[in-house]
Amino acid sequence: SMGGFFSLAFADGMGMFQNWHYGSRAERYSRLGYELDIQGLKLDVLGTVREEIRDQVFVIISSLDSLMVVATLMLSLGFG
């Protein structure tokens, strides 16, 4: 009866260890997935900021092109 009790306790202990082991592995994978999601979010934000800056630069350059055309016409008409 003592041997049976020992084997039952050992089986329970092994079950608890296996649950802890696989639970901690699942927790590590969950944490890794979370960190990868955060990295992806940071990259998305950087991509959005980059696109916004590119759009602003395009608007500024277009405006400067228009000003140069107007200035060229004014100078050519003024000195013409």
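See above for the structure.
First, a word on scope: everything that follows refers to the structure included in this document.

Rules used throughout
Residues numbered from 1 in each chain as written. Predicted model: local features only at pLDDT ≥ 70, side-chain atom pairs only at ≥ 80, totals over all residues. Heavy atoms only, no water. Helix = DSSP H or I, 4+ residues; strand = E, 2+ residues; numbered from the N terminus. Rg over C-alpha atoms; globule rule 2.2 N^0.38 Å. Buried < 20%, exposed > 50% of the residue type's maximum accessible area, 1.4 Å probe, protein only. Lys, Arg positive; Asp, Glu negative; His and termini not counted. Charge placed at Lys NZ, Arg CZ, Asp CG, Glu CD. Salt bridge = Lys/Arg side-chain N within 4 Å of Asp/Glu carboxyl O. Patch = residues over 30% accessible without salt bridge, like charges linked within 9 Å, V, L, I, M, F, W, Y side chains within 5 Å. Areas by Shrake-Rupley, 256 points an atom, 1.4 Å probe, with all protein chains shown as cover.

1. Looking at the overall build of the protein chain
Link 1 in the chain: Along the protein chain, the regular secondary structure elements total 1 helix and 0 strands.
Link 2 in the chain: Against the compact-globule benchmark of 12 Å for 80 residues, the protein chain has a radius of gyration of 34 Å, which places it well outside the compact range.
Link 3 in the chain: Seen through its principal axes, the protein chain has C-alpha atoms that stretch 115 × 5 × 5 Å.
Link 4 in the chain: Within the protein chain, the fraction of its 80 residues that count as buried is 1%.
Link 5 in the chain: Across the protein chain, the 6 positively charged side chains and the 9 negatively charged ones have centroids separated by 8 Å.

2. As for the pattern of salt bridges
Link 1 in the chain: Applying the stated rule across the entire model yields 1 salt bridge.
Link 2 in the chain: Here Arg31 makes a salt bridge to Glu27, at a shortest N to O gap of 3.0 Å. In this pair, Arg31 and Glu27 both sit in helix H1 (residues 2-79), 4 residues apart, roughly one turn of the helix.
Link 3 in the chain: Judged by its relative accessible area of 46%, Arg31 falls in the partly exposed class.

3. Overview of a nonpolar patch on the surface
Link 1 in the chain: On the surface, a cluster of nonpolar side chains totalling about 510 Å² of accessible area is made up of Leu41, Val45, Val49, Ile53, Val57 and Ile61.
Link 2 in the chain: Inspection of the secondary structure puts Val49 in helix H1.
Link 3 in the chain: Classification of Val49 as partly exposed rests on a relative accessible area of 41%.

4. A closer look at the environment of Val57
Link 1 in the chain: By the element assignment, Val57 lies in helix H1.
Link 2 in the chain: Residue Val57 is classed as partly exposed on the basis of its relative accessible area of 41%.

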